[in-house]
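Summary of the model geometry
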Amino acid sequence: MTPQSLDLIDKLFGRDWRGRRDDAEVTIRGYVTRAETMNDLERIRMHDGDAARLLQECSDLTAQLTAYRLSLAERYNALVTSPTVPVVKLVREPNYYDKKVYYYLRTYRRYINDGTDVEETSARYAGSDRKKAFSDFDAYCKAHPGIIAEKQIERRGWER
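Residues numbered from 1 in each chain as written. Predicted model: local features only at pLDDT ≥ 70, side-chain atom pairs only at ≥ 80, totals over all residues. Heavy atoms only, no water.

**Section: a nonpolar patch on the surface**
A contiguous nonpolar patch, built from Met1, Leu6 and Leu70 and spanning about 240 Å² of accessible area, is present on the exposed surface. Residue position: Leu6 is located in helix α1 (residues 3-13). (Patch = residues over 30% accessible without salt bridge, like charges linked within 9 Å, V, L, I, M, F, W, Y side chains within 5 Å. Areas by Shrake-Rupley, 256 points an atom, 1.4 Å probe, with all protein chains shown as cover. Salt bridge = Lys/Arg side-chain N within 4 Å of Asp/Glu carboxyl O. Helix = DSSP H or I, 4+ residues; strand = E, 2+ residues; numbered from the N terminus.)

What follows is the structure, encoded as structure tokens:
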């Protein structure tokens, strides 16, 4: 991407307390009145200025969204061509509100280039089905040799 495209994307998304925003709402608002209903010259000049401002905002937004589409295409191509590895995770997640523990058996595709995981499947087990969750995890690992297997089953600090 060109530096100009990156600047347009930064303008589209703006900044927050972390220094950048990951999402943005796009709106353009204006109030217009039919020209034939206006008789005051100053009011006509004011509405003409508002229309010019709206046109400029639309033009700026068109350029920003075009740069955004270019960045989406680049990200798409990067993900399509990036090598991946399969990952299986068994995660223990206590629920603070209902005071129960759940186990999640999830499979992912991990992109080697940036290390991000994309979830493919998920199965939830109640705390009373702990043994079944462990046996399903072991069976999945045995059925898929060479898969990256991760367990995150330790208690959290607030549970002690």
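**Looking at helix α3 (residues 130-143)**
Side chains three or four residues apart in an α-helix point the same way, a direct result of the helix having 3.6 residues per turn. Between its first and last C-alpha, α3 extends 20 Å over 14 residues, near the 20 Å set by a 1.5 Å rise per residue. Of all the positions in α3, only Ala133, Phe134 and Phe137 are classed as buried. For α3, the angular spread of the buried residues around the axis is 95°, confining them to a single face. In α3, the exposed positions that point more than 90 degrees away from the buried face belong to Lys131, Lys142 and Ala143. (Expected span 1.5 Å × (residues − 1). Buried < 20%, exposed > 50% of the residue type's maximum accessible area, 1.4 Å probe, protein only. Arc of directions from axis to C-beta.)

**Here we look at the side chain of Arg106**
Tracing the sequence through the fold places Arg106 in strand β2 (residues 100-111). The exposure class assigned to Arg106 is buried, which follows from its relative accessible area of 14%. Side-chain polar atoms of Arg106 contact the side chain of Glu93, separated by 3.3 Å. When near neighbours in sequence (up to four residues on either side) are disregarded, Arg106 contacts Val87, Val88, Lys89, Val91, Glu93, Glu119, Thr121 and Ser122. (Polar contact = N/O pair within 3.5 Å; in protein donor to acceptor, adjacent residues only side chain to side chain. Contact = heavy atoms within 4.5 Å.)

**Some thoughts on the pairing of strand β3 (residues 117-126)**
Sheet topology note: the β2/β3 ladder contains nine bridges and is antiparallel. Across the sheet, residue Arg106 finds its bridge partner in β3, namely Ser122. Between β2 and β3, which pair antiparallel and follow one another directly, the connecting turn spans five residues, one of which, Gly115, has a positive phi of 75°. (Pairing = 2+ DSSP bridges.)

**Observations concerning the pairing of β2**
Regular strands have side chains that alternate between both faces of the sheet. Where burial is concerned, most of β2 is hidden: nine out of the twelve residues are buried. Bridge count between strand β1 (residues 84-95) and β2: twelve bridges; the pairing is antiparallel. The residue of β2 that forms the bridge with Arg92 is Tyr103. Between β1 and the antiparallel strand that follows it, β2, lie four residues; Lys99 among them carries a positive phi value of about 55°.

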